[in-house]
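# Structure at a glance
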Amino acid sequence: MNILGVSYSIHETAACLLQEGRLQFACAEERLSGAKQDSRFPLRAIQAALDFGKLKAEEIDHVAIAWSKPGARAQHDLRQMLTGRLPTSRMRLERTALKWIKELRHRGGVVDYLRAFAAPRGGFHFINHHLAHALSAFCVSGFDEAAVLVIDGRGAREATTLWRAQSGQIRLLQQYDYPDSVGVFYAGITQMLGFVPLSDEWKVMGLAAYGKPGFDLSELIQIGEESYKVAGRRFFGKSDFDHSRLAPITGPRRNGEPLSERHKALARSAQDSCEQAMLALLRRITRLTGSRKLCLAGGVALNCKANGELVRSGMIDEIYVQPAAGDDGACIGAAYGVYQRLGQKIPSHRVGHTYLGTAHSDESVESVLRAYKIAYRRVERPALAAAQLLNQNYLIGWFQGRMEFGPRALGNRSILSDPRDVRNRDRVNEAVKFRENWRPFAPSVIEERGHIYFQDFRPSPYMILSFWATEEGKNRIPAVVHVDGSCRVQSVTQDSNPLYYELLEEFEKLTGVPVVMNTSFNLKGDAIVESPRDAIQTFFTSGLDFLVIGHFVVGKNGEQADLGHSLQ
């Protein structure tokens, strides 16, 4: 059975392909269009999924869309306005009505699909957004049973849901309705700090490490032993520029001025509240289910610092956080939801990696290099060549294999540097990423050595768990240790990514350190590179020193490095 899963709701659209119950391909639309957080119907991603499976649209059995039927979101919002849970204004009523009309006109994406592709043999399925999130985590976790938490801004109605998955079934235990939402709370603080909500929450998490908790946010979020309550109405004004309900608590919205201690304290207080809310939900779901295995999805699940606190709580033994926890990853759960819709047991297969996107052969890479008339050298062992460059303290672009699915670069579309030199944080920020200098970078580590550098270490293949650095870590790899001593870690195994593992091994042979600094291969505001053309353009418009792409090494201005016996 061939099933296409589609994420198409508010932002981060994506598509995936399921064949006989196994996830084969997944890609966000932004990677192919180049428009970061692309919200358009994912026609490019769907076509890429068909191309990967060598399928025609006529061979697709089912198309599953990770959202409720058209109009459900608007109906819920109108009810919330009528009952006073959301503020009412002409602007909000008009916007809600327009969204409703648009959803009905596009039939939730069905019209967009049929304009480009033949109808699927078994039809279209609208899968509840939070159910799609829940299945996206459980069905690829490899767990036989688990508690499942979904925490995000919203679905059509839901904001947080608690599930029990076992014996091929998943059951809803509890639901928090929008706007009683941890995601709304965190996005609201993001906005008051002068960042872009539903996009820049990473910045709040990074900034929090610099502050001390100094804000009483109890008027915005109240946290009990096993629950939370967000005063959702306070996060919405009569217009998008009306912050009158938040400003008395958070202070005025930052408007381009330098970050102050007040801003840092607000970020820290919000992060602490998010962590406490997630811990409260963990207490409840472990009590309700009796399970010590947790699956986590939804946009809030991308908060790696909070995830680390869940691990350290002692309430669970195993955790699986969906690496594409945001709306893009919901396409996976939508596809699996078809099985439940057809009355069948939901499949569960451990995937163990997130290299689910497109790939480009050496032949296609070389053709682009020749077309641009770029000088290059072919190497027999690109991992060794990259390790040698890193040991010479060069900044390198690393483009290999299949593209990662989700927001993290996990060693196939990455910018790499030597973590031993703390100055590399500023070098990468100023010369490549062009982002705020207070945001941390992540380490990639050989999994077997993780305990040397990180406290209470456990496998973390998706860079979505945070650990505290050991003294060895603080001393040997300072470039990837945040100001508070935390590290957002990616652990690498030979099975999950043999080439990247080889790079780490070779770097360890040269330096004694099995760790590199890893960040996504893109410039500020751009999507992560997808194609050789993207990689080459980004390389030449940034401060990177070398590009290792397939079996080729590219320098700048004729610059060459000592690669020893890694050359053919």
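The structure under discussion appears in the preceding block.
Think of each chain on its own: its residues are numbered from 1, step by step along the sequence as written. Selection of residues for local features in this predicted model requires a pLDDT of at least 70, selection of side-chain atom pairs for listing and counting requires 80 or more, and totals for whole chains, interfaces and linings are taken over all residues. Excluded from the side-chain calculation are hydrogens and water; included are all heavy atoms of the structure.

This part covers the overall build of the protein chain. Elements are defined by DSSP. Helices are runs of H or I of four residues or more, strands are runs of E of two residues or more, and each kind is numbered from the N terminus. Across its full length, the protein chain holds 19 helices and 21 strands. Atoms considered for the radius of gyration are the C-alpha atoms alone. The globule rule reads 2.2 Å times the number of residues to the power 0.38. Expected size for 568 residues packed as a compact globule is a radius of gyration near 24 Å; at 23 Å, the protein chain falls within 12% of this value. Its C-alpha atoms put the protein chain at 70 × 60 × 45 Å along the principal axes. His is not counted, nor are the chain ends, whereas Lys and Arg count as positive and Asp and Glu as negative. Note that the charge is assigned to NZ on lysines, CZ on arginines, CG on aspartates and CD on glutamates. When the 70 basic and 63 acidic side-chain charges of the protein chain are each reduced to a single mean position, those positions are 5 Å apart.

Within the secondary structure layout, E201 lies in helix α8 (residues 201–208). Summary of the burial criterion: residues with accessible area below 20% of their type's maximum are buried, those above 50% are exposed, and those between are partly exposed, where the area comes from a 1.4 Å probe applied to protein chains only. Salt bridge, as used here, is a side-chain nitrogen of Lys or Arg placed within 4 Å of a carboxyl oxygen of Asp or Glu. There is no salt bridge for the buried E201, and the closest opposite charge comes from K203, which lies 9.8 Å off by N-O distance. A contact between two residues is defined here by any heavy atoms of the two lying within 4.5 Å. Residues in contact with E201, not counting those within four places in the same chain, are Y186, A187, T190 and V196.

Counting across every chain of the model gives 34 salt bridges. For D421, the salt bridge identified is with R423, shortest N-O distance 3.0 Å. R423 gets classed as exposed once you look at its relative accessible area, which sits at 57%. Its salt-bridge partner being E472, residue R476 comes within 3.3 Å of it at the nearest N-O pair. Taken as a pair, R476 and E472 lie in helix α17 (residues 471–476) at a separation of four residues, close to a single helical turn. Given the relative accessible area of 33%, E472 is considered partly exposed. A cluster of three or more residues bridged by salt bridges with shared partners is formed by E275, K305, E309 and R312.

Before going further, it helps to spend a moment on the sheet that holds strand β5 (residues 124–126). As summarised here, the arrangement of the five strands in space is β3-β2-β1-β4-β5, forming an open sheet in which the pairing is mixed. Every other strand in the sheet has two partners, leaving β3 (22–28) and β5 as the edge strands with one partner each. Adjacent strand axes in the sheet meet at a mean angle of 20 degrees, parallel and antiparallel pairs treated alike. Should DSSP find at least two bridges between two strands, the strands are regarded as paired. The sheet contact formed by strand β2 (residues 14–19) and β3 spans six bridges and is antiparallel. Along β3, the bridge assignment pairs C16 with A26. Here helix α2 (residues 43–52) sits on the sheet and contacts β1 (2–7), β2 and β3; the angle it forms with β3, its principal contact strand, is near 145 degrees. To define axes, lines are fitted to C-alpha atoms, for helices over the stretch in contact only, and angles between the resulting N-to-C directions are given on a 0 to 180 degree scale.

On to the pairing of β1. With respect to burial, β1 is a largely interior element, six of its six residues being buried. Burial along β1 is two-sided: the residues N2, L4 and V6 and I3, G5 and S7 are all buried. Here β1 pairs with β2 via six bridges, running antiparallel. Within β2, the position partnered with S7 by the bridge is A14. Between the antiparallel neighbours β1 and β2 lie six residues, among them E12 with a positive phi of about 55 degrees.

Moving on, we come to the nonpolar core. Only buried residues count toward a nonpolar core. Its members are Ala, Val, Leu, Ile, Met, Phe, Trp, Tyr and Cys residues joined through side-chain atoms within 4.5 Å. Judged by nonpolar contacts, the single largest core of 137 residues is most densely connected at F138, F185 and F454. In this structure, A15, L17, A45 and Y113 belong to the second largest nonpolar core, which totals 25 residues.

Any Phe, Tyr or Trp ring, taking Trp's six-membered ring, that has another such ring centre within 6.5 Å forms a pair; planes under 30 degrees apart are called stacked, those over 60 apart edge-to-face, and the others tilted. Tallied over the full model, the rule gives 15 aromatic pairs. Consider the rings of Y8 and F41, whose centres lie 5.0 Å apart with planes at 80 degrees: the pair is edge-to-face. Separated by 33 residues along the polypeptide, Y8 in the loop between β1 and β2 and F41 in the loop between α1 (29–33) and α2 bring together distant segments of the chain. Residue Y8 is classed as buried on the basis of its relative accessible area of 15%. Judged by centre distance (6.3 Å) and plane angle (55 degrees), the ring pair of Y453 and F454 falls under tilted. Each member of the pair, Y453 together with F454, is buried.

This brings us to the sheet that holds strand β7 (residues 158–166). Taken in spatial order, the five strands make up an open sheet running β8-β7-β6-β11-β12, and their pairing is mixed. The open sheet is flanked by β8 (169–177) and β12 (318–321), the only strands paired with a single partner. If you compare each strand with its neighbour and ignore which way they point, the axes differ by 20 degrees on average. Pairing analysis gives seven bridges linking strand β6 (residues 145–151) to β7, with the strands arranged antiparallel. Counterpart to E145 in the pairing with β7 is Q166.

Here we come to unusual backbone geometry. Cis peptide bonds are those with omega within 30 degrees of zero, and the linkage from Y178 to P179 qualifies with 10 degrees. Considering the arrangement of structural elements, one finds P179 in the loop between β8 and α7 (182–192). Although it is not a glycine, K54 sits at a positive phi angle of roughly 55 degrees. Here K54 is to be found in the loop between α2 and β4 (62–65). Within the chain, M463 stands out as a residue other than glycine whose phi angle is a positive 55 degrees.

Taken residue by residue, α2 has A45, I46, A48, A49 and L50 as its buried positions. Of the surrounding secondary structure, the elements contacted by the buried residues of α2 are β1, β2, β3, α1 and α5 (110–116). Following α2 by one or two positions, K54 adopts a phi angle in the positive range, close to 55 degrees.

Turning to the packing of helix α10 (residues 261–289) against helix α11 (residues 304–312), a few remarks are in order. Put simply, α10 and α11 touch, their axes get as near as 9 Å, and they point 40 degrees apart. Looking at the two axes, α10 sits oblique to α11. Judged by the twist between their axes, the crossing of α10 over α11 is right-handed. Between α10 and α11, the contacting residues are Q271, E275, M278, L279 and L282 on the first element and K305, A306, N307, E309 and L310 on the second. A breakdown of the residues in the contact of α10 with α11 according to their chemical character gives five nonpolar, two polar and three charged. For classification, angles of less than 35 degrees are called roughly parallel, those exceeding 145 degrees roughly antiparallel, those between 65 and 115 degrees roughly perpendicular, and all remaining angles oblique. Whether a crossing is left-handed or right-handed is set by the direction in which the near helix is turned from the far one by less than a right angle, anticlockwise for left-handed and clockwise for right-handed. As a working rule, the residues Ala, Val, Leu, Ile, Met, Phe, Trp, Tyr, Cys and Pro are called nonpolar, Asp, Glu, Lys and Arg charged, and the rest polar, with Gly in that last group.

Quick look at the packing of helix α6 (residues 129–138) against helix α12 (residues 330–341) now. Put simply, α6 and α12 touch, their axes get as near as 7 Å, and they point 95 degrees apart. Considering the angle they form, α6 stands roughly perpendicular to α12. On the side of α6, the interface is formed by H129, L131, A132, H133, L135 and S136, while α12 contributes A330, I332, G333, A334, Y336, G337 and Q340. Class assignment for the residues of the contact of α6 with α12 results in seven nonpolar, six polar and no charged.

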